[in-house]
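Understanding the architecture of this molecule
Next come the chains, spelled out residue by residue.
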Amino acid sequence: MTRRIVMFDTTLRDGEQCPGASLTPTQKLEIAKQLARLGVDVIEGGFPIASPGDREAVKLIAQTIKGPTIAALARSLPADIDAAAAALAPAKKKRIHVFLATSPIHRKYKLRKAQEEIVRQAVWAVTYAKQYARDIEFSPEDASRTEPEFLHQVIEAVIRAGATTVNIPDTVGFAIPDQFGQLIHGIVDHVPNIERAVISVHCHNDLGLSVPNSLAAIHNGAGQVECTVNGIGERAGNASLEEIVMTLKIRHDFYRVTTGIDTTQIAKASRLVSNLTGIIVQPNKAVVGGNAFRHESGIHQDGVLKHAATYEIMRPQDIGLASSQLVLGKLSGRHAFAKRLAALGFRLSPADLNQAFERFKVLADKKKEVFDEDLAAIVEDQLPAEHALYKLAYVHTASGSETVPTATIRLTKEGKTLQDAACGDGPVDACYNTIDRLTGISPELVDYNLHAVTKGKDALGEVVLKLRHQGVEGVGRGASTDVIEASAKAYLNAINKLVSSSTRRSYLKRRESPHP
Ligand code: MN
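The text that follows walks through the structure, step by step, so that each part is easy to find.

What counts and how
Residues numbered from 1 in each chain as written. Predicted model: local features only at pLDDT ≥ 70, side-chain atom pairs only at ≥ 80, totals over all residues. Heavy atoms only, no water. Axes fitted to C-alpha atoms, helices over the stretch in contact; angles between N-to-C directions. Helix = DSSP H or I, 4+ residues; strand = E, 2+ residues; numbered from the N terminus. Left-handed = near helix turned anticlockwise from the far one by under 90°. Contact = heavy atoms within 4.5 Å. Nonpolar A, V, L, I, M, F, W, Y, C, P; charged D, E, K, R; others polar. Buried < 20%, exposed > 50% of the residue type's maximum accessible area, 1.4 Å probe, protein only. Polar contact = N/O pair within 3.5 Å; in protein donor to acceptor, adjacent residues only side chain to side chain. Core = buried A, V, L, I, M, F, W, Y, C linked by side-chain atoms within 4.5 Å. Pairing = 2+ DSSP bridges. 1 Å grid on protein atoms, 1.4 Å probe; cavity = no way out; pocket = protein on both sides within 12 Å on 5 of 7 lines; lining within 4 Å. Points joined across faces, edges and corners; volume = space filled by probe spheres on them.

All right, on to the packing of helix α1 (residues 25-38) against helix α2 (residues 52-64) then. Two numbers describe how α1 lies on α2: the axes approach to 9 Å, and their chain directions differ by 35°. Taken as a pair, α1 and α2 cross one another with a handedness that is right-handed. Taken together, the residues of α2 that come into contact with α1 (itself represented by P25, T26, K28, L29, A32 and K33) are G53, D54, E56, A57, L60, I61 and T64. Within the contact of α1 with α2, the residues separate by chemical class into six nonpolar, three polar and four charged.

Bringing the side chain of H106 into the picture now. Locating H106 in the fold gives a position in helix α4 (residues 104-111). A relative accessible area of 13% means that H106 is categorised as buried. Of the polar contacts made by the side chain of H106, one reaches the side chain of D142; its length is 3.4 Å. If sequence neighbours within four positions are ignored, H106 has contacts with A101, L111, R112, E141, D142 and R145.

Before going further, it helps to examine the nonpolar core. By size, the foremost hydrophobic cluster in this structure holds 90 residues, and its most contacted members are I96, V98, I168 and I244. Ranked by residues supplied to this core, first place goes to helix α6 (residues 148-161) with eight residues. Counting 23 residues, the second-largest nonpolar core is a separate cluster that includes I441, L467, I484 and A488.

For strand β18 (residues 472-480), the tally of buried residues reaches nine of nine residues, placing the bulk of the element in the interior. The pairing of strand β17 (residues 461-469) with β18 spans nine bridges and is classified as antiparallel. When the sheet's bridge partners are listed, K466 is paired in β18 with V475. Joining the antiparallel neighbours β17 and β18 is a turn of two residues, in which Q470 adopts a positive phi near 50°.

Attention now goes to the layout of surface pockets. Its volume calculated, the largest pocket comes out at about 1600 Å³. Around the largest pocket, the lining comprises 46 residues; the ones closest to its centre are R271, G290, L321, E373 and V453. The set of elements that each furnish at least two residues to the lining of the largest pocket consists of α11 (266-277), α13 (334-343), α15 (372-382), β16 (444-452) and β17. Of the residues forming the lining of the largest pocket, the biggest block, six residues, is contributed by α11. Across the lining of the largest pocket, the residue classes break down as 20 nonpolar, 17 polar and nine charged.

Bringing unusual backbone geometry into the picture now. Non-glycine residue D142 carries a positive phi angle of around 65°. Residue V287 is not a glycine yet carries a positive backbone phi of 70°. Within the element layout of this structure, V287 appears in the loop between α11 and α12 (298-306).

On to helix α3 (residues 78-88). Quick reminder: α-helices carry 3.6 residues per turn. Residues three or four places apart thus point the same way. Of all the residues in α3, the buried ones are D80, I81, A83, A84, A85, A87 and L88. The secondary structure elements touched by the buried residues of α3 are α2, β4 (69-75), β5 (94-101) and α5 (115-130).

This brings us to the sheet that holds strand β13 (residues 390-398). Spatially, β13-β14-β15 is the arrangement adopted by the three strands of the open sheet, whose pairing is antiparallel. A strand with exactly one partner marks an edge of an open sheet, and here the two such strands are β13 and β15 (416-423). Here the average twist between neighbouring strands, direction ignored, is 15°. Across eight bridges, the pairing between β13 and strand β14 (residues 406-413) is antiparallel. Looking at the pairing, Y390 lines up with K413 of β14. Strands β13 and β14 of the sheet are contacted by helix α17 (residues 483-499), whose axis makes an angle of about 145° with β13.

Time to look at the sheet that holds strand β8 (residues 198-203). Read around the closed barrel, eight strands run β2-β3-β4-β5-β6-β7-β8-β9, paired in parallel fashion. In this sheet, neighbouring strand axes are inclined to one another by 25° on average, regardless of whether the strands run parallel or antiparallel. Direction of pairing for strand β2 (residues 6-9) relative to strand β3 (residues 42-46): parallel, over a ladder of two bridges. Opposite F8, over in β3, you have V42 as the bridge partner. Contacts between α4 and the sheet are confined to β5 and β6 (135-141), with β5 contributing the most and set at about 85° to the helix. Contacting β2 and β9 (224-227), helix α9 (residues 241-250) runs over the sheet at an angle of about 165° to β2.

So this is what it looks like as structure tokens:
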């Protein structure tokens, strides 16, 4: 019989702890919807005690998402568990995930507690959480640096208290595959009641070993893996969902396990997470990197043309990546447009669809051929604008070799129109100076990236940038056939995030939050 591995996605919790990746509750919901289409078994929505933004996001996801179990994180403290339970209340299937550090270094310096006290507190936390949910996960934080005998003792005790999943985190990315596999094997062998719970692993990528460690654990009996889309997360990140899933699929001959993941949703999930967090996927990233399916060497190209399997172990279609194809033009109607969006996996409300269609018509006027990537950019560009304080109404710039670059910009703020003009050392700088004057804040531009969404001179330009203001960072993105307009949109998008208090809170929380 093939074992089915439980896929636990923590993109919205650990992934969001990635420096500079704060997401609003609406954006988290957007990602959660895609995770549900991807077929993950558990979505960890956040850490409710940490911030009002996290509470709201978990609640929103619990109310809306059907199918996957919704999980929330809590330290082994009453207020944490109460907050997690409250946020999860609307969920059909819910899981409370409690954690407590067990390693000698954490016991001595962080918690200042003896082994017996740790066991007592862990058992208390599981028992306390059990009043709210049947499905309880316990994580002995820093498990990979905990004495195995003590780890076995903790695991046995929390299972007896009612934990249904025991998660073994390699919190600091210290483990190596052979040893980590043995650790899991040891748990299977030495914890007498282990058959009553699922063993999970949660690996970090500090040495680039998060995926190999997770695979070694599966091979040795783990039944759940915790991972994130694009491998984002604290420091060097978490184990990447797409790498684990594709390895288990391509090398089923070895691992002999299955997952419930629809791999054709991977590319879209990767793109959505990258767009909303502003964290660009490196080109040579396994599975979802821009170069993952590009063959450069002549010998390889020749082989692939004769038979793809000569140099390709998986096909772009396996992860839902179709080669850029001409889909729509300016004569395409609303019906064809809606159908194509549905085929790409976007499900929009009628109002959002109308707005997207208007933007498509404008784009089709400027650009002969509209590709799938363009449609995705249009829709994804529109999503974060929903609760925007400032909206861009008009932008005009003048620049040239003999001209002082000048920008005139009109914004709307809660129905009121604001207009101003300013100059700069280039048209983009002039736009940013004008927006600073209109909004009254002058953030620092930390990062700016401009790229073409598709090929060709008339391609849609997409700007992803990062701003910093009073210690808070915000990522913004904007797309347009006019790169100046795309730049202005991205800047305003980031400013909108900086001024929204939920972003601010979720940033502040990060500095104190301990996590497994
Ligand atoms: Mn972690």
